[in-house]
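This is what each chain is made of:
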Amino acid sequence: MGTASAPKHDLFRTLGADELIDYHNVDFEKVTGKVDVVVDAVGGDYTARSLRTLVPGGVLVSLALSDTRPMPAEAAQLGVHHRLMLVEADQTGMLAVADLVSSGALRPVVEATFPLEQAARAHELGDAGRVTGKVVLTVR
């Protein structure tokens, strides 16, 4: 299950989502029911809202650390857990991800690729908030 704007639903289905919610038109809190795990890549008010969708003992993993404040008291009051996740460079982990990509089990979605000299342009695209997938800089 995932939330995305309607134009992105076909892509998310190809990535394995069975059920999608258009967050522009539907309040995800009202239609998800209770879930075991939420991965929040948005932050802001979505963090508190996502906590309320969890079953007792459920876990919210927040990825948007620059826009997410830890909410241990709120989580405890609801009987759930809130964890912040920071991805760090780790050769073993990166090799495992590379194996998943090679096997086809993980399919990265690339929005755009820019040469390093156009890094500012790449940042502008990412900052626009309308990117589906990753913006890649190439170094040669």
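Keep in mind that what you see is a predicted model, and the values were worked out from it rather than measured.

### Quick look at the overall build of the protein chain
Here is step 1 of the chain: Across its full length, the protein chain holds six helices and seven strands.
Here is step 2 of the chain: When the helices and strands of the protein chain are listed from N to C terminus, the series reads β-α-β-α-β-α-β-α-β-α-β-α-β.
Here is step 3 of the chain: Principal-axis analysis of the C-alpha atoms places the extent of the protein chain at approximately 50 × 35 × 30 Å.
Here is step 4 of the chain: The buried share of the protein chain, reckoned over its 140 residues, is 26%.
Here is step 5 of the chain: Counting only contacts in the protein chain whose residues sit at least 6 apart along the sequence, the fraction spanning at least 24 positions is 24%.
Here is step 6 of the chain: Here the protein chain has roughly 9700 Å² of accessible surface; of this, 56% comes from carbon and sulfur atoms.
Here is step 7 of the chain: Charge centroids of the protein chain, computed over 13 positive and 18 negative side chains, lie 3 Å from each other.

### Quick word on the pattern of salt bridges
Here is step 1 of the chain: Throughout the structure, instances matching the rule amount to six salt bridges.
Here is step 2 of the chain: For Asp 27, the salt bridge identified is with Arg 49, shortest N-O distance 2.9 Å. Remark: Arg 49 occurs in helix α3 (residues 46–51) and Asp 27 occurs in the loop between β2 (20–21) and α2 (28–31); sequence separation between them is 22 residues.
Here is step 3 of the chain: Measuring nitrogen to oxygen at the nearest pair gives 3.0 Å for the salt bridge that ties Arg 69 to Glu 74.

### Remarks on the environment of Val 61
Here is step 1 of the chain: Summarising the element assignment, Val 61 is placed in strand β4 (residues 54–62).
Here is step 2 of the chain: Overall, the relative accessible area of 17% leaves Val 61 in the buried class.
Here is step 3 of the chain: Val 61 sits 45 residues away from Gly 16 along the chain, and the two C-alpha atoms are 19 Å apart.
Here is step 4 of the chain: Contacts of Val 61, omitting those with residues within four sequence positions, involve Val 38, Val 39, Asp 40, Arg 83 and Met 85.

### So, the side chain of Ser 62
Here is step 1 of the chain: Looking at where Ser 62 falls in the secondary structure, it is placed in strand β4.
Here is step 2 of the chain: Aside from chain neighbours lying at most four places away, what touches Ser 62 is Asp 40, Thr 47, Thr 68, His 82, Arg 83, Leu 84 and Met 85.

### Quick notes on the sheet that holds β4
Here is step 1 of the chain: Spatially, β3-β4-β5 is the arrangement adopted by the three strands of the open sheet, whose pairing is parallel. The sheet terminates laterally at β3 (35–40) and β5 (81–84), the two strands that pair on one side only. Shown here is a sheet whose adjacent strand axes are inclined to one another by a mean of 15 degrees, direction ignored.
Here is step 2 of the chain: Of the pairings in the sheet, the one linking β3 to β4 comprises five bridges and is parallel in character. Residue pairing across strands places Asp 40 opposite Ser 62, the latter belonging to β4.

### Observations concerning the packing of aromatic side chains
Here is step 1 of the chain: A complete count under the given rule lists one aromatic pair for this structure.
Here is step 2 of the chain: Judged by centre distance (5.8 Å) and plane angle (10 degrees), the rings of Phe 28 and Tyr 46 are stacked. You can see Phe 28 sitting in helix α2 and its partner Tyr 46 sitting in helix α3, a full 18 residues away along the chain.
Here is step 3 of the chain: On the accessibility criterion, Tyr 46 (22% relative accessible area) is partly exposed.

### Here we look at a nonpolar patch on the surface
Here is step 1 of the chain: Together, Val 37, Val 39, Leu 63, Met 85 and Val 87 give the surface a local cluster of nonpolar side chains, amounting to about 460 Å² of exposed area.
Here is step 2 of the chain: Position of Leu 63 relative to the elements: it lies in the loop between β4 and α4 (72–78).
Here is step 3 of the chain: Overall, the relative accessible area of 36% leaves Leu 63 in the partly exposed class.

Conventions we followed
Residues numbered from 1 in each chain as written. Predicted model: local features only at pLDDT ≥ 70, side-chain atom pairs only at ≥ 80, totals over all residues. Heavy atoms only, no water. Helix = DSSP H or I, 4+ residues; strand = E, 2+ residues; numbered from the N terminus. Buried < 20%, exposed > 50% of the residue type's maximum accessible area, 1.4 Å probe, protein only. Contact = heavy atoms within 4.5 Å. Areas by Shrake-Rupley, 256 points an atom, 1.4 Å probe, with all protein chains shown as cover. Lys, Arg positive; Asp, Glu negative; His and termini not counted. Charge placed at Lys NZ, Arg CZ, Asp CG, Glu CD. Salt bridge = Lys/Arg side-chain N within 4 Å of Asp/Glu carboxyl O. Pairing = 2+ DSSP bridges. Axes fitted to C-alpha atoms, helices over the stretch in contact; angles between N-to-C directions. Phe/Tyr/Trp six-rings, centres within 6.5 Å; stacked < 30°, edge-to-face > 60°. Patch = residues over 30% accessible without salt bridge, like charges linked within 9 Å, V, L, I, M, F, W, Y side chains within 5 Å.

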